[in-house]
Amino acid sequence: MITTENILAKAKKTIESESQSIAKLIDFIDNTFVEAVQCIYNSKGRLVVTGIGKSAIIAQKMVASFNSTGTPSLFLHASEAIHGDLGMLQKDDVVICISKSGNSPEIKALVPLLTRFGNKLIGMTGNITSFLAKGSNYVLNTTVDAEACPLNLAPTNSTTAQLVMGDAMVVCLMEMRDFKAEDFAVYHPGGALGKKLLLRVKDMLEHTLKPEVSPDTPVKKAIFEISEKRLGVTAVVENNKVIGIITDGDIRRMLNDRDTIADLTAKDIMTKSPKTIQSTAMVVDAFNIMEDFSITQLIVVDNGEYKGVLHLHDILKEGIV
């Protein structure tokens, strides 16, 4: 009988089973793991990851992770390899072959071919006495006691163990390469992540208007400048140096306090010492300043020279936050 309680219990049991399998991997991390990682790090070629069935899917994920963190990698499907795709393998490449049993027909056919030209082979398997294990230079043990599948057939715990072992290698190689956020951004230039790590203030000024008035500009003209440039602000500039800022808020407060503005100039209502940022700064840092001071614009200044205005709305349009 299918009940809510049964579904919840089975889901929790599956998660518990897989988490236990992952925890046991700690005991399999030894000097062989270190040597395998060092082999990849020292290689002059690429990393080729292969497998079949569900292991092939794990291999594809591993390749994606390696590529995005500075280890050039290729996916090679085990069954396609013996029908021509083995040609992608070059002499300096290191190979990771993933297989739970290590004894499938495709793996038995592939292993000798992977090593015939002297390529180093890292076998990731749940059977350390298998054909794959015996034919590998390094063996990464991903043995699990059982699958979470009630029939003990569908790959669940075993593929999770493979995935986690791969992640462990990815992280170790990142550390060895001193891989930083800036490096990560180079491989992820698109989307919010890339923009957050790469986009600088100067990149957003190219298409932005540059509102400015002099200190003696009548307030009425200052209002026109704010309206025309549509940034809700204008800088007050003297000798190309920013001496103040007038915002929509300043205009509203002025109109509340005075019956006439005919005799007022920009310097009479401006806010002195506005918050500024350099054009070389990261846009995400500009956003943090706006958030900290509850403002929506920043004056961009380089070496005291006025460069323009960065508005919060422009940052939001980029999807950075």
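Further up the page is the structure itself.
Residues take numbers from 1 onward in each chain, read along the sequence in its written order. Given that this is a predicted model, residues contribute local features only at a pLDDT of at least 70 and side-chain atom pairs are listed and counted only at 80 or more, while totals for whole chains, interfaces and linings are drawn from all residues. Hydrogens and water molecules were not included; the side-chain quantities draw on all heavy atoms of the structure.

Chemist: What am I meant to see in the environment of His83 here?
Modeler: Every helix listed is a DSSP run of H or I at least four residues long, and every strand listed is a run of E at least two residues long, numbered separately from the N terminus. One can find His83 in the loop between helix H4 (78-81) and strand E3 (94-99). Spatially, the C-alpha atom of His83 lies 63 Å from that of Lys229, the residues being 146 residues apart in sequence.

Chemist: Would you explain the sheet that holds strand E7 (residues 233-238) in this entry?
Modeler: When DSSP finds at least two bridges between two strands, those strands are taken to pair. Within the open sheet, the four strands sit side by side as E6-E7-E8-E9. Their pairing is mixed. Taken across any chain shown, the strands that pair with only one partner, and hence form the sheet edges, are strand E6 (212-213) and strand E9 (271-272). The strands that helix H11 (residues 219-229) touches are E6, E7 and strand E8 (241-247); relative to E7, the one it contacts most, it runs at about 125°. Against the sheet, helix H12 (residues 248-257) touches E8 and E9, its axis set at about 60° to E8. We call two residues in contact when some of their heavy atoms are within 4.5 Å. Axis definition: a line fitted to C-alpha atoms, limited for helices to the stretch in contact. Angles are taken between N-to-C directions and run from 0 to 180 degrees.

Chemist: Sorry if this is basic, but what is going on with the pattern of salt bridges here?
Modeler: A side chain of one charge can pair with a side chain of the opposite charge if their charged atoms are brought near each other. For salt bridges, the criterion is a side-chain nitrogen of Lys or Arg within 4 Å of an Asp or Glu carboxyl oxygen. Under the defined criterion, the tally for this structure stands at nine salt bridges. The residue Asp93 makes a salt bridge to Arg46 at a minimum N-O spacing of 2.6 Å. A residue pair is termed long-range when its members are at least 10 positions apart, and Asp93 in the loop between H4 and E3 and Arg46 in the loop between helix H2 (31-42) and strand E1 (47-51) qualify at 47 residues. Take Arg46: its relative accessible area is 22%, and that puts it in the partly exposed class. Throughout this description, buried means an accessible area under 20% of the type-specific maximum (1.4 Å probe, protein chains only), exposed means over 50%, and partly exposed covers the range between.

Chemist: How should the nonpolar core be read in this particular structure?
Modeler: What tends to happen in soluble globular proteins is that the nonpolar side chains get buried as a cluster. Counting residues in each nonpolar core, the largest one holds 26 residues, and the members touching the most others are Ile96, Ile122 and Met169. Elements with a minimum of two residues in this core: H2, E1, helix H3 (54-68), E3, strand E4 (120-125), strand E5 (138-141) and helix H7 (157-176). Look past the residues within four positions of Met169 in its chain and what remains in contact with it is Phe33, Val37, Ile40, Phe66, Ile96, Ile122, Met124 and Leu140. Side-chain atoms within 4.5 Å link the members of a nonpolar core, which is a set of buried Ala, Val, Leu, Ile, Met, Phe, Trp, Tyr and Cys residues. Core analysis: the next-biggest nonpolar cluster, separate from the first, contains 15 residues, Leu199, Val201, Met290 and Leu310 among them.

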